[in-house]
Every structure is written in C-alpha cells, then in structure tokens.
Amino acid sequence: MSSQDEQRGAIGGQVMRFQRVTSTMDVVWQLVEAEAPHGMTVVAQVQTAGRGRFSRRWVSGENDCLLTSVLLRPPADAAPLLSIAGALAASDAVRALTGLACTFKWPNDVLLNGRKVCGVLTEVRADTDGNVIAVLGVGLNVNLRPEEHSDIAEGAASLASEMGIEFAVADAEQAFLAELRERYAQCLDAPQALIGDWSARLSTIGKEVTVRRQDGAVHGIAEGVDSEGRLLVRLASGDVHALHAGELAAT
C-alpha cells in the first residue's frame with residue numbers, strides 16, 4: 001500500500017467525540033502537540049466558540065450540526081487545496097443523503113438552493129522540521145432551524161429545512177468522512193480534476209464582485225480560478241488579480 005493510500009485511509013480512522021467544546025479545531029491543535037497522527041478526527045455535539053473565517057462565530061444549536069475537524073499532514077503543494085477538498089466532500093455528502101446538488105461561493109461556502117448549508121475553514125502551520133500540519137474544520141447544518149437564529153435566518157439552510165425531514169447527524173458524519181477520504185486522495189493524485197469539479201459549480205464565476213481584503217477592496221468580474229484555486233478578477237483596467245482569500249460580495 002502506498003503512503004498516499006495510507007493517508008487517505010487514515011482519515012476518520014480515529015475519532016474523538018465530545019459533548020461540548022470551545023471549538024473542534026482548538027481540540028485538534030491541542031492533539032497536534034501530543035503528536036496525534038494524520039487523519040485524527042474530532043467531533044462535538046456543541047461548540048461554545050466555533051469559528052469561521054475572519055474570526056466569525058459559527059452558529060449552531062445542540063447536536064443539530066455536524067461539527068468536526070480533521071488533522072491532516074499533507075505535502076506542501078496540496079495545502080492550498082484542502083478547503084476545496086473539504087467543500088467538495090461536504091457537497092458529496094449532502095448529495096448522498098438528500099439527492100440534492102450543492103453549489104459553491106468562493107472561497108469556502110457550500111450552498112444548497114442558494115443558501116449556506118456548510119462552512120469550511122482550514123488552518124495551516126509548519127512544524128519545527130518544516131512539515132505542513134493542517135486542521136480542516138467543517139460545520140454542516142443537518143437539523144439546524146435557521147429561523148431560530150436571527151443572525152443567519154435569511155442566508156442559511158440545513159438538510160432538514162430543505163427536505164422537510166430530520167437526519168441523523170451520525171449519518172452525515174459517516175458520509176462526510178467517506179467522501180473526504182476520496183477528495184483528499186484527489187488532492188494528492190489529481191489536483192486539477194479537484195479544482196475542475198469545484199469550479200464547475202462555483203456560483204461566483206461570471207459575476208461582478210467586490211472582494212474585501214485587509215489591504216483594500218478589489219472590484220471587477222470574476223472570470224475563473226487558477227491552478228491553486230485563486231479567484232481571477234478582471235479589473236476595469238483590464239488587469240487580472242489572482243486572489244487567494246478575501247470577503248466576497250456579489251454586486
């Protein structure tokens with residue numbers, strides 16, 4: 001068995017379960033200090049300080065979302081693709097459970113009927129030897145009732161809200177980890193196919209967008225993505241900017 005096959009198979013091979021944590025990502029980083037292996041997975045019923053991009057709070061109730069983080073030790077060139085792999089795995093899991101197809105909003109939102117059903121956050125560090133360590137965090141709304149949370153009521157969806165029935169969070173966990181094993185392997189073996197699968201359902205492409213970054217805003221037409229998943233935005237001047245991250249708003 002190749003090392004890549006071993007890496008893929010290790011994802012979800014060891015799962016630690018908690019009723020309540022601050023954040024599953026925080027727990028995984030603590031496990032990194034204890035030299036936890038690649039693929040170690042943490043799942044929680046409740047997060048008291050779950051986070052999204054730009055330090056936003058991830059809203060969830062009790063045991064109504066799949067709240068999980070996975071420790072990954074990828075090659076350096078695969079690190080920029082982990083969030084894409086996570087988004088695709090979540091989308092694959094949604095389709096397996098509901099038969100519904102998701103789309104994506106750059107850079108890391110998974111949309112169901114145009115509303116956010118899942119967020120993906122990847123944090124990457126290097127150890128003392130320069131090896132990449134990443135934590136991939138996913139919050140998938142399974143039985144969440146968006147109308148009960150005023151700050152997300154208009155823009156959020158869940159499997160239950162779209163299908164009219166409740167789902168077992170454990171089934172969502174099993175489906176997501178199975179799909180993540182496949183998408184992580186694609187990260188290593190076929191990265192351009194991975195990006196192609198993602199960009200084909202990227203709702204951002206072709207739209208006039210404003211991308212807010214710490215150093216200012218970029219406004220133009222989202223023309224596509226490059227080989228690293230960066231958004232290609234053509235400015236009014238004709239110049240094209242490749243953006244790795246930012247806060248995007250369609251205009």
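The structure this text deals with has already been given above.
What counts, and where the lines are drawn
Residues numbered from 1 in each chain as written. Predicted model: local features only at pLDDT ≥ 70, side-chain atom pairs only at ≥ 80, totals over all residues. Heavy atoms only, no water. Helix = DSSP H or I, 4+ residues; strand = E, 2+ residues; numbered from the N terminus. Contact = heavy atoms within 4.5 Å. Salt bridge = Lys/Arg side-chain N within 4 Å of Asp/Glu carboxyl O. Buried < 20%, exposed > 50% of the residue type's maximum accessible area, 1.4 Å probe, protein only. Polar contact = N/O pair within 3.5 Å; in protein donor to acceptor, adjacent residues only side chain to side chain. Pairing = 2+ DSSP bridges. Right-handed = clockwise from strand over helix to strand, strands pointing away.

*Asks:* Just to check I follow, could you spell out the environment of Val-120 for this structure?
*Replies:* With respect to the helices and strands, Val-120 occurs in strand S6 (residues 115–126). For the pair Val-120 and Asn-141, spaced 21 residues apart in the sequence, the C-alpha separation amounts to 12 Å. Filtering out sequence-adjacent residues up to four positions away, Val-120 remains in contact with Ser-83, Gly-86, Ala-87, Asn-108, Leu-136, Gly-137 and Val-138.

*Asks:* Hey, could you run me through the pattern of salt bridges in this one?
*Replies:* Should the charged atoms of two oppositely charged side chains come close, the side chains can pair. A full pass over the atoms with the stated rule returns 7 salt bridges. Among the salt bridges present, the one from Asp-197 reaches Arg-183, with a minimum N-O distance of 2.8 Å. One end of the pair, Asp-197, is in helix H6 (residues 191–199); the other, Arg-183, is in helix H5 (residues 169–189), with 14 residues separating them in the sequence. On the accessibility criterion, Asp-197 (32% relative accessible area) is partly exposed. A residue is classified by how much of its surface remains accessible, and Arg-183, at 11% relative accessible area, is buried. The partner of Glu-223 in a salt bridge is Arg-234, and the shortest N-O contact between them spans 2.7 Å. Pair noted here: Glu-223 is in strand S9 (residues 216–225) and Arg-234 is in strand S10 (residues 231–234), with a separation of 11 residues, a long-range link. Judged by relative accessible area, which is 33%, Arg-234 ranks as partly exposed. One continuous salt-bridge network, built from bridges that share partners, spans Asp-92, Arg-183 and Asp-197.

*Asks:* Before we go on, may I ask you to explain the side chain of Ser-83 in this structure?
*Replies:* Following the sequence through the fold, Ser-83 ends up in helix H3 (residues 82–98). Looking at Ser-83, its side chain comes within polar contact range of the side chain of Thr-122, at 2.7 Å. Ignoring anything within four residues of it in the chain, the contact list for Ser-83 reads Val-120, Thr-122 and Leu-136.

*Asks:* Mind showing me how you'd approach the pairing of strand S1 (residues 15–21) here?
*Replies:* If a strand is regular, its side chains alternate between the two faces of the sheet. Relative to strand S2 (residues 41–47), S1 runs parallel, the two sharing 6 bridges. If you follow Phe-18 over to S2, its bridge partner there is Ala-44. Considered for its hand, the β-α-β crossover made up of S1, helix H2 (residues 24–33) and S2 is right-handed.

Keep in mind these values describe shape, not function.
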